[in-house]
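Understanding the architecture of this molecule
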Amino acid sequence: MNRFKRYLSAEIKIEFKACLYFFAILFFYAVYQLVQGRFYTGIVQMAEMILTAYAMGYVQVFLLGNFEEAERIGKKELGASLLCMTVYTALSWLLGWYDRNTAATVLFFVYLAACYLSIMLVYRIKRSIDTEELNRELEAFKNRRP
Amino acid sequence: MKITLQQITEGKEEVIIRYREMTEEIDGIIKYAEGQGKRLLAAKDGQQAPVRISQVIYAESVDGVTWLYTDKEVYRSGLTLSLLEGMYAGEGFFRCSKSMVINIYCISRLRSMPEKRIDVTMSNGEHVTISRHYAKALRSILKGDTE
């Protein structure tokens, strides 16, 4: 049962990441389409994006130690995010999401860097809020002492 | 409530509570006095010594032996961690891992860590990392859900 719970917990984490990155990529793709004067997104492209994000979720959780949630943003975390950004960008080129447009691909890489940095910062802020809450509850607990 | 303090030079320290009716406040004072005085017997340098529960910062089990850590001393206890946790949960004893029980009242600071773990800084500066499983229980206790 514990093994199943661990699997389920990892799977939820991966799916959460897949959704997060899929929507980030889809946003950039939608903006690119708009700039090109196209007002639609392809189902095939969207399927490629979600599958890529899902696969990358596995890589990030199992191979790269869930680096976005790391306590400090060090060389290891920056290296891991650089690797993910490169893989996403390379796949976007190979799958032709941005019509193999060099400028759009470079912009996509920069956009991904901003996404990873934002996500890492969000996790840090979340932990900082949680720390404050924990210490407030600790003080309240101590004050409840009979 | 009138409070009378009397300093003594010999004899045992005692607290006398004179009351008309047993109120929640009086009961609290009694529990506080009892809690402060609660002691458990432990050994130091082969000698048995009473240790105040409130002074135990944490207890650790190493190779089947339970050690009690106060601010300055380390005592050997005959009680298992499960017993310590069960007997003194009301005094703030909390099982934070398979081999450790900490006194919540001796925590100086808590820090949220990745994967919902908690880093605990005890009053003696010692750091303890609580896994997600035990962290969930600690959060419930702090919220007052279970004690």
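Quick summary incoming for the structure in this document. (Residues numbered from 1 in each chain as written. Chains lettered and ligands numbered in written order. Predicted model: local features only at pLDDT ≥ 70, side-chain atom pairs only at ≥ 80, totals over all residues. Heavy atoms only, no water.)

**A short note on the sheet that holds strand β8 (residues 107-112) of chain B**
This is how the line gets drawn: DSSP-based pairing: two strands are paired if at least 2 bridges between them are found. Put simply, DSSP H or I for four residues or longer makes a helix, DSSP E for two residues or longer makes a strand, and each gets a number counted from the N terminus. Inter-axis angles, ranging from 0 to 180 degrees, are taken between N-to-C directions of lines fitted to C-alpha atoms, where helices are fitted over the stretch in contact. Residue contacts follow a heavy-atom distance rule, with two residues in contact if any of their heavy atoms lie within 4.5 Å.
Taken in spatial order, the three strands of this open sheet run β8-β9-β10 (chain B), and their pairing is antiparallel. The open sheet terminates on both sides in strands that have one partner only, identified here as β8 and β10 (127-130) of chain B. Mean inter-strand twist for the sheet, computed between neighbouring axes without regard to direction, equals 20 degrees. One ladder, built from four bridges, connects strand β9 (residues 118-122) of chain B with β10(B); its direction is antiparallel. Residue pairing for β10(B): B:Asp119 is matched across the bridge by B:Thr129. Against the sheet, helix α4 (residues 102-143) of chain A touches β8 and β9 of chain B, its axis set at about 150 degrees to β8(B). Taken strand by strand, helix α3 (residues 132-143) of chain B contacts β8, β9 and β10 of chain B, and its axis lies near 100 degrees from that of β10(B).

**Side note on the pairing of β9(B)**
Residues and elements named next belong to chain B. The line we're drawing: Only protein chains enter the calculation, and the probe is 1.4 Å; a residue is then buried if its accessible area is under 20% of its type maximum, exposed if over 50%, and partly exposed in between.
With five of five residues buried, β9 lies mostly within the body of the structure. Taking every second residue as pointing to the same face, both faces of β9 are buried, with Ile118, Val120 and Met122 on one and Asp119 and Thr121 on the other. By the bridge criterion, five bridges tie β8 to β9 in an arrangement that is antiparallel. Counterpart to Leu110 in the pairing with β9 is Val120. A loop of five residues connects β8 with β9, the two strands running antiparallel in sequence, and Glu115 in this loop sits at a positive phi of about 65 degrees. In this structure, the hairpin formed by β9 and β10 is closed by a connection of four residues, where Gly125 is found at a positive phi of approximately 90 degrees.

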